[in-house]
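Secondary and tertiary structure notes
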Amino acid sequence: MYNPDNLKNLLNKYKFGKYLFVGGFTFFFVKGLIWLGIFIALYLGLWTK
């Protein structure tokens with residue numbers, strides 16, 4: 001059966017794995033903030049024609 005802890009432990013052993021985790025988290029965090037900003041701007045009517 002697939003165990004995600006094994007993959008996490010394997011990636012944490014190497015510096016590249018740590019960069020992959022931090023980079024992936026940062027990418028999706030920033031992407032989420034951008035979408036949140038777009039939805040808030042649309043809700044407040046900042047982009048009207």
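Quick caveat: nothing in here was measured; it's all calculated off a predicted structure.

Moving on: the overall build of the protein. Scanning the protein from N- to C-terminus turns up 2 helices and 0 strands. Counting only residues that meet the buried cut, the protein has 4% of its 49 residues in that class. Accessible area of the protein: about 4,900 Å², with a carbon and sulfur share of 72%.

With that settled, the discussion passes to helix α2 (residues 15–44). Compared with the 44 Å implied by 1.5 Å per residue over 30 residues, the 43 Å span of α2 between its first and last C-alpha is a close match. Downstream of α2 by a residue or two, G45 has a phi angle that is positive, lying close to 80°.

Before going further, it helps to examine a nonpolar patch on the surface. Judged by side-chain polarity, F25, F29, V30, L33, I34, L36, I40, Y43, L44 and L46 come together as a nonpolar surface patch covering roughly 1,100 Å² of accessible area. One can find L36 in helix α2.

Let us look at the packing of aromatic side chains. Overall, the coordinates contain 3 aromatic pairs when judged by the stated rule. Consider the rings of F27 and F28, whose centres lie 5.0 Å apart with planes at 75°: the pair is edge-to-face. For F28, a relative accessible area of 55% puts it in the exposed group.

Conventions adopted
- Residues numbered from 1 in each chain as written.
- Predicted model: local features only at pLDDT ≥ 70, side-chain atom pairs only at ≥ 80, totals over all residues.
- Heavy atoms only, no water.
- Helix = DSSP H or I, 4+ residues; strand = E, 2+ residues; numbered from the N terminus.
- Buried < 20%, exposed > 50% of the residue type's maximum accessible area, 1.4 Å probe, protein only.
- Areas by Shrake-Rupley, 256 points an atom, 1.4 Å probe, with all protein chains shown as cover.
- Expected span 1.5 Å × (residues − 1).
- Patch = residues over 30% accessible without salt bridge, like charges linked within 9 Å, V, L, I, M, F, W, Y side chains within 5 Å.
- Salt bridge = Lys/Arg side-chain N within 4 Å of Asp/Glu carboxyl O.
- Phe/Tyr/Trp six-rings, centres within 6.5 Å; stacked < 30°, edge-to-face > 60°.

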